[in-house]
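Observations on the model geometry
Here is how the chains run, residue by residue.
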Amino acid sequence: MTDNTPNPPDQPIGRSDMPFLAHIEELRWRLIKAVLAVVAGTAVGLYFSDYILHFFVRPLGDIKLHFTEITGSFYAYLKIGIYFGIVVAVPVIFYQLWQFVAPGLYRREKSKVIPLVLIATILFLGGAAFCYLLVLPFAIQYLVGFGQDIMTPIITIDSYISFAGIMIIAFGFSFELPVLGYMAGKMGIISGRGLSKGRPYAVVIILIAAAILTPTPDVVSQLLLAGPLLVLYEITIVLVRLTGKKK
């Protein structure tokens, strides 16, 4: 006989009775929904690609773009659409992630899905704006300025779109560190004390992550990403101490 008594508010609402394959199946469907949101956003981005491209190249200033292959401009517009699709699908991606994780938390935490998705979206857009307004102009002028007395830079549109797009997406998702810390703290995976003790290791991991996420090997771009991440790590420590699982 099935027990239909609702869980108390201080008890997890999880799917402990679900088999492992059922969890995998649910994860698969949530990933499909996230991918479909990216595809829909990409279609919109391709339709408005001309307007987005004009906005995308503003950090270049007076630097002109070129393409050296027949398909160069086509792939540039395609990448514009894909990056735009990822950005506009961010709320759906975070919603699907939270809906998959939330049943492992307490019932009262599930009601926070909309505020958390909103905060995560704002943080992502804040990271993307930080990169677009401050990091990209500085990085471009710094990198292009090397050797101009003996060399003439010829920047292809495809290489610039890849560079700028990856940088913006990387900064956006990197700014989600406090939200991920909050979720892990609520699940009891991490604690503020543990994060404080692991600070030296976190610095090394952040530097390695910055080197991987930035599309160029220069130290300047890596430090421009690592700096905000270190600040966000300290914010995450405080957040987890205030809201994390006590036991």
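Residues numbered from 1 in each chain as written. Predicted model: local features only at pLDDT ≥ 70, side-chain atom pairs only at ≥ 80, totals over all residues. Heavy atoms only, no water.

1. Here's the deal with the overall build of the chain
Definition in use: Helix and strand labels come from DSSP, where a helix needs a run of H or I of at least four residues and a strand needs a run of E of at least two; each type is numbered from the N terminus. For every residue, the accessible area (1.4 Å probe, protein chains only) is compared with the maximum for its type, and the residue is labelled buried under 20%, exposed over 50%, or partly exposed between those bounds. Whether two residues touch is decided by their heavy atoms; if any such pair falls within 4.5 Å, the residues are in contact. With residues, only the protein chains shown are counted as cover, and all accessible areas are computed by Shrake-Rupley using a 1.4 Å probe.
When you go through the chain residue by residue, the secondary structure sums to 11 helices and two strands. The helix and strand sequence of the chain, counted from the amino end, reads α-α-β-α-α-α-α-β-α-α-α-α-α. Burial statistics for the chain: of 247 residues in total, 40% are counted as buried. Contacts in the chain between residues at least 24 apart in sequence constitute 85% of all its contacts with a sequence separation of at least 6. Of the accessible surface of the chain, which amounts to about 14600 Å², a share of 71% is contributed by carbon and sulfur atoms.

2. A short note on the packing of helix H2 (residues 49–56) against helix H3 (residues 72–88)
Selection rule: Axis lines are fitted through C-alpha atoms, for helices just across the contact stretch, and the angle between N-to-C directions can take any value from 0 to 180 degrees. Every angle not falling under 35 degrees, over 145, or within 65 to 115 is termed oblique; those three ranges are roughly parallel, roughly antiparallel and roughly perpendicular. The nonpolar class holds Ala, Val, Leu, Ile, Met, Phe, Trp, Tyr, Cys and Pro. Asp, Glu, Lys and Arg form the charged class, and all remaining residues, Gly among them, are polar.
It is the contact of H2 with H3, at a shortest axis distance of 10 Å, that shows an interaxial angle of 85°. Relative to H3, the element H2 is oriented roughly perpendicular. Here H2 contributes Ser49, Asp50, Ile52, Leu53 and Phe56 to the contact with H3, which in turn contributes Tyr77, Ile80 and Phe84. Residues that form the contact of H2 with H3 fall into these classes: six nonpolar, one polar and one charged.

3. Thoughts on H3
What counts here: Multiplying 1.5 Å by the helix residue count minus one yields the expected span of that helix.
With 17 residues, H3 extends 25 Å from end C-alpha to end C-alpha; this agrees with the ideal 24 Å at 1.5 Å per step. Along H3, the positions that sit buried rather than exposed are Gly72, Ala76, Ile80, Gly81, Tyr83, Gly85 and Ile86.

4. Notes on the environment of Tyr182
Mapped onto the elements, Tyr182 comes out in helix H8 (residues 177–186). Among the residues examined, Tyr182 registers a relative accessible area of 9% and is labelled buried. In this structure, the C-alpha to C-alpha distance between Tyr182 and Ile237, residues 55 residues apart in sequence, is 9.3 Å.

5. Details of the layout of surface pockets
Inclusion rule: Space inside and on the surface of the protein is sampled on a 1 Å grid over the protein atoms alone, with a cavity defined as a set of points where a 1.4 Å probe fits but cannot get out and a pocket as an open set with protein on both sides within 12 Å along at least 5 of 7 lines; lining residues have an atom within 4 Å of a point. Grid points are joined across faces, edges and corners, and a volume is the space filled by probe spheres set on the points.
Considering only enclosed or pocket space, the largest pocket measures out at about 360 Å³ in volume. For the lining of the largest pocket, the secondary-structure elements that each account for two or more residues are helix H7 (157–174), H8, helix H10 (199–213) and helix H11 (219–243). Per-element accounting of the lining of the largest pocket gives the leading share, six residues, to H10. Empty space within the second largest pocket amounts to approximately 310 Å³. Lining the second largest pocket are 15 residues, with Phe55, Phe56, Phe84, Val87 and Ile168 sitting closest to its centre. Counting residues per element, the ones that place at least two in the lining of the second largest pocket are H2, H3, helix H6 (113–144) and H7. Broken down by element, the lining of the second largest pocket gets its largest block of residues, five residues, from H3. Residue composition of the lining of the second largest pocket, by class: 14 nonpolar, one polar and no charged.

6. As for the nonpolar core
One broad rule of soluble globular proteins: the nonpolar side chains tend to lie buried together. Worth spelling out the cut-off: To form a nonpolar core, buried Ala, Val, Leu, Ile, Met, Phe, Trp, Tyr and Cys residues must be joined to one another through side-chain atoms within 4.5 Å.
With 53 residues, the main nonpolar core has Tyr160 and Ile161 as its most contacted residues. Beyond its immediate chain neighbours, meaning those up to four positions away, Tyr160 contacts Phe56, Val57, Pro59, Leu60, Leu65, Ile140, Ile155 and Gly165.

7. Description of the pattern of salt bridges
The line we're drawing: In the sections that follow, a salt bridge refers to a side-chain nitrogen of Lys or Arg positioned within 4 Å of a carboxyl oxygen of Asp or Glu.
Going through the model one piece at a time under the given rule, you end up with three salt bridges. Between Glu25 and Arg28 there is a salt bridge, with the nearest N and O atoms lying 2.8 Å from each other. Here Glu25 and its partner Arg28 are both found in helix H1 (residues 20–47), three residues apart, which amounts to about one turn of the helix. Taking the shortest distance from any N to any O, the salt bridge between Lys79 and Asp158 comes out at 2.9 Å. Of this pair, Lys79 sits in helix H3 while Asp158 sits in helix H7, placing them 79 residues apart in sequence. With relative accessibility at 25%, the residue Asp158 sits in the partly exposed group.

8. A word on the side chain of Arg30
Relative to the assigned elements, Arg30 resides in helix H1. Residues within four places of Arg30 in sequence aside, it is in contact with Gln96, Gln99 and Phe100.

9. Points about the confidence of the model for the chain
A low pLDDT score tells you not to read the predicted coordinates there in detail. Defined as follows: The predictor attaches a confidence to each residue, and that confidence, scored 0 to 100, is pLDDT.
Taken residue by residue, the chain gives an average pLDDT of 81. The fraction at 70 or more is 84%. Element-level pLDDT for the chain is lowest in helix H5 (residues 107–110), with a mean of 61, against a maximum mean of 91 in H3.

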